[in-house]
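In case you want the letters, here they are:
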Amino acid sequence: MNTEQMSSEKYGAGNISYEKLSRKALYCMYASGIVTGAVLLFIIGAVNWFWLVPEKIAVGQWISAGLAALILLDVLVSPYFRYHRYRYSINDECIDIVEGYLFVKRNIVPIERLHKLQTAKGPFDQFFKVAKVVVTTGGGDVTISFLEEEKAEQIADSLRRRINEIVTEQRAENGNR
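Rules behind the numbers
Residues numbered from 1 in each chain as written. Predicted model: local features only at pLDDT ≥ 70, side-chain atom pairs only at ≥ 80, totals over all residues. Heavy atoms only, no water. Patch = residues over 30% accessible without salt bridge, like charges linked within 9 Å, V, L, I, M, F, W, Y side chains within 5 Å. Areas by Shrake-Rupley, 256 points an atom, 1.4 Å probe, with all protein chains shown as cover. Salt bridge = Lys/Arg side-chain N within 4 Å of Asp/Glu carboxyl O. Helix = DSSP H or I, 4+ residues; strand = E, 2+ residues; numbered from the N terminus. 1 Å grid on protein atoms, 1.4 Å probe; cavity = no way out; pocket = protein on both sides within 12 Å on 5 of 7 lines; lining within 4 Å. Points joined across faces, edges and corners; volume = space filled by probe spheres on them. Nonpolar A, V, L, I, M, F, W, Y, C, P; charged D, E, K, R; others polar. Pairing = 2+ DSSP bridges. Axes fitted to C-alpha atoms, helices over the stretch in contact; angles between N-to-C directions. Contact = heavy atoms within 4.5 Å. Phe/Tyr/Trp six-rings, centres within 6.5 Å; stacked < 30°, edge-to-face > 60°. Buried < 20%, exposed > 50% of the residue type's maximum accessible area, 1.4 Å probe, protein only. Lys NZ or Arg CZ within 6 Å of the ring centre and 35° of its normal.

The grouping of V35, V39, L40, F42, I43, V47, W49, F50, W51 and F124 at the surface amounts to a nonpolar patch, some 1100 Å² of accessible area in total. Considering every element that reaches the nonpolar patch, the biggest residue donor is helix α1 (residues 23-52), with 9 residues. Inspection of the secondary structure puts F124 in helix α3 (residues 123-128).

Quick look at the structure:
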């Protein structure tokens, strides 16, 4: 089974079927990581040029070299782990997102708690034709990131329909009392 197909894992009493991201997501993660890393390396270089190099402060140069090495390592490694760890599941009851690099976090959001749905695309998202679905609850925002554009629209439409069903059910229950 490749990474673009569904994988499933068992948590608790039932099976949860998770979807993985497409390869476009990996390329988008690498591109944004490279640009961020380049900006940070430029800042380190500017600090060295203006403050450390003229005075030949060896400790500062070693610290800068260490930071540069960590940034380069992060640019190379972070997208790979983020891509392979990222997965999401959407069913009639909740949205479940697992993501992370060094620290893995899991967000579970009951669909009945959703207040707002939004799709969004940044510059890298537009270039790689991926999008985000941002769901807002009373407790904050949760984002399903790096989805193919069509998939993001399908998810947003599906969630919108489910929210409308829940609201209709709640209105019917309140009207019958």
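Now that the structure has been shown, the text picks up again.
Another point: the layout of surface pockets. By volume, the largest pocket is sized at about 220 Å³. Secondary-structure elements contributing two or more residues to the lining of the largest pocket are β3 (87-90) and α4 (149-176). In terms of residue count, α4 provides more of the lining of the largest pocket than any other element does, 6 residues in total. Here the lining of the largest pocket is composed, by residue class, of 6 nonpolar, 5 polar and 4 charged.

A few words now on the sheet that holds strand β5 (residues 104-110). Strands pair in a sheet through their backbones, by hydrogen bonds, and they do so in one of two ways: parallel or antiparallel. Taken together, 3 strands build an open sheet; the order of strands is β3-β4-β5 and the sheet is antiparallel. This sheet does not close on itself; its edge strands, each paired only once, are β3 and β5. The sheet shows a mean angle of 5 degrees between the axes of neighbouring strands, direction not considered. Where β3 and strand β4 (residues 94-100) come together, 4 bridges link them in antiparallel fashion. Counted as the bridge partner of Y88 is I97 from β4. Against the sheet, helix α2 (residues 58-85) makes contact with β3, β4 and β5, and its axis sits at roughly 155 degrees relative to β4, the strand it touches most.

Here we take up unusual backbone geometry. Glycine aside, the phi torsion of most residues is negative, and most peptide linkages are trans. The backbone phi angle of K129 is positive, close to 55 degrees, even though this residue is not glycine. Among the secondary structure elements, K129 is positioned in the loop between α3 and β7 (130-137). At F146, a residue that is not glycine, the phi angle is positive and equals roughly 60 degrees. Relative to the elements of secondary structure, F146 occurs in strand β8 (residues 140-148).

Enumeration according to the criterion identifies 3 aromatic pairs in this entry. Plain terms: the ring middles of Y80 and F81 are 5.4 Å apart, the flat faces sit at 85 degrees to each other, and that makes the pair edge-to-face. Ring geometry for F81 and Y101: centres 6.3 Å apart, planes at 35 degrees, overall tilted. Separated by 20 residues along the polypeptide, F81 in helix α2 and Y101 in the loop between β4 and β5 bring together distant segments of the chain. Given the relative accessible area of 33%, F81 is considered partly exposed. Every member of this aromatic cluster is reached through a ring pair, and the members are Y80, F81 and Y101. The ring of Y18 carries R87 above its face, with NZ or CZ at 5.1 Å from the centroid.

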